[in-house]
Each structure stands twice: as C-alpha cells, then as structure tokens.
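Letter by letter, the chains look like this.
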Amino acid sequence: FLELVPLETKTKKGAGPSTQHRWKWMIPLLKTSFPTTATTLSTDSSQLSYFQTTILPLARTADATTGKASDDTNQNNKTYYQSKCIALWSLFPHFCIAPTDVCASFP
C-alpha cells in the first residue's frame, strides 16, 4: 500500500499546507491494518526492516527539522514537524507485534 501511496511526497518549494498534510490520514489507517495480537496474524505480518528503512528516516527528518525551527515565525512549522515525528513513532509498537524479520533486523 505504501508503495502506491507514499507517506512522503516531493513537493515544490512554497507548496501550501494541503500538500504538507497528506500523510495525516494514513497514520490511523496504518495502525488499524496491523494485527492486534500475535494470534490474529495474517500472512502479511509486519517487518521491522520496513520501519527501519522507511518510517524511521521520515521521523528523523521531521525531528531534525523541528530543531531548526526555533524562532516564532517558524512556530507553525515546528508544531507540524513535531506532530509528524510523534505520529510516525506511534507506528513503531504496531510493527513490533510478531514481526517476521526480527533476526534479520537485529543481527
């Protein structure tokens, strides 16, 4: 699903808030797509490597951008990137429910 509808889109400089907030609707959807317990696993279980290679870099970029926005004029951007970082990290526990690649992700 995330290959078809990516969390991060390349936007033109000066793009408005409508393009910045495209990811917001996907976070709750992703949370509900994971199995709730190890006994309700489907064939498409979560993979820690996907979190590590895709979600984590987005969260780190959002966190780094938050640190750069220090003055009052950037307060909206700071709040936006803080909420994005927190939302992305909130996916981590869902990736930890019976992942299929624990041995490969933690050598």
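Description of the environment of Lys24
Residue position: Lys24 is located in the loop between helix H1 (17–20) and helix H2 (26–33). Note: C-alpha distance between Lys24 and Leu88 (64 residues apart in sequence) is 9.8 Å.

Observations concerning the confidence of the model for the protein
Mean pLDDT over the protein: 74, with 63% of residues reaching 70 or higher. Per-element confidence in the protein ranges from a low mean pLDDT of 49 for H1 to a high of 88 for helix H5 (residues 92–95). Overall, residues 14–18 carries pLDDT values under 50, and its contacts beyond four positions in sequence, including any with other chains, amount to 0 contacts.

Quick look at the packing of aromatic side chains
Considering all chains together, one arrives at 6 aromatic pairs under this definition. Ring geometry for Tyr80 versus Tyr81: centroids 4.7 Å apart, planes at 75°, classification edge-to-face.

Side note on the side chain of Thr66
Of note, Thr66 is situated in helix H3 (residues 48–68). Judged by its relative accessible area of 8%, Thr66 falls in the buried class. Within the structure, Thr66 has its side chain in polar contact with the backbone oxygen of Ala62 (distance 2.9 Å). Setting aside chain neighbours within four positions, we find Thr66 in contact with Lys78, Tyr81 and Gln82.

Examining the nonpolar core
Trp23, Ile27, Phe51, Ile55, Leu88, Leu91 and Phe95 are the most contacted members of the largest nonpolar core, which has 16 residues in total. Those elements giving two or more residues to this core turn out to be H2, H3 and helix H4 (75–89). When residues in this core are grouped by element, the largest group, 7 residues, is from H3.

Scoring rules and cut-offs
Residues numbered from 1 in each chain as written. Predicted model: local features only at pLDDT ≥ 70, side-chain atom pairs only at ≥ 80, totals over all residues. Heavy atoms only, no water. Helix = DSSP H or I, 4+ residues; strand = E, 2+ residues; numbered from the N terminus. pLDDT = per-residue confidence, 0-100. Contact = heavy atoms within 4.5 Å. Phe/Tyr/Trp six-rings, centres within 6.5 Å; stacked < 30°, edge-to-face > 60°. Buried < 20%, exposed > 50% of the residue type's maximum accessible area, 1.4 Å probe, protein only. Polar contact = N/O pair within 3.5 Å; in protein donor to acceptor, adjacent residues only side chain to side chain. Core = buried A, V, L, I, M, F, W, Y, C linked by side-chain atoms within 4.5 Å.

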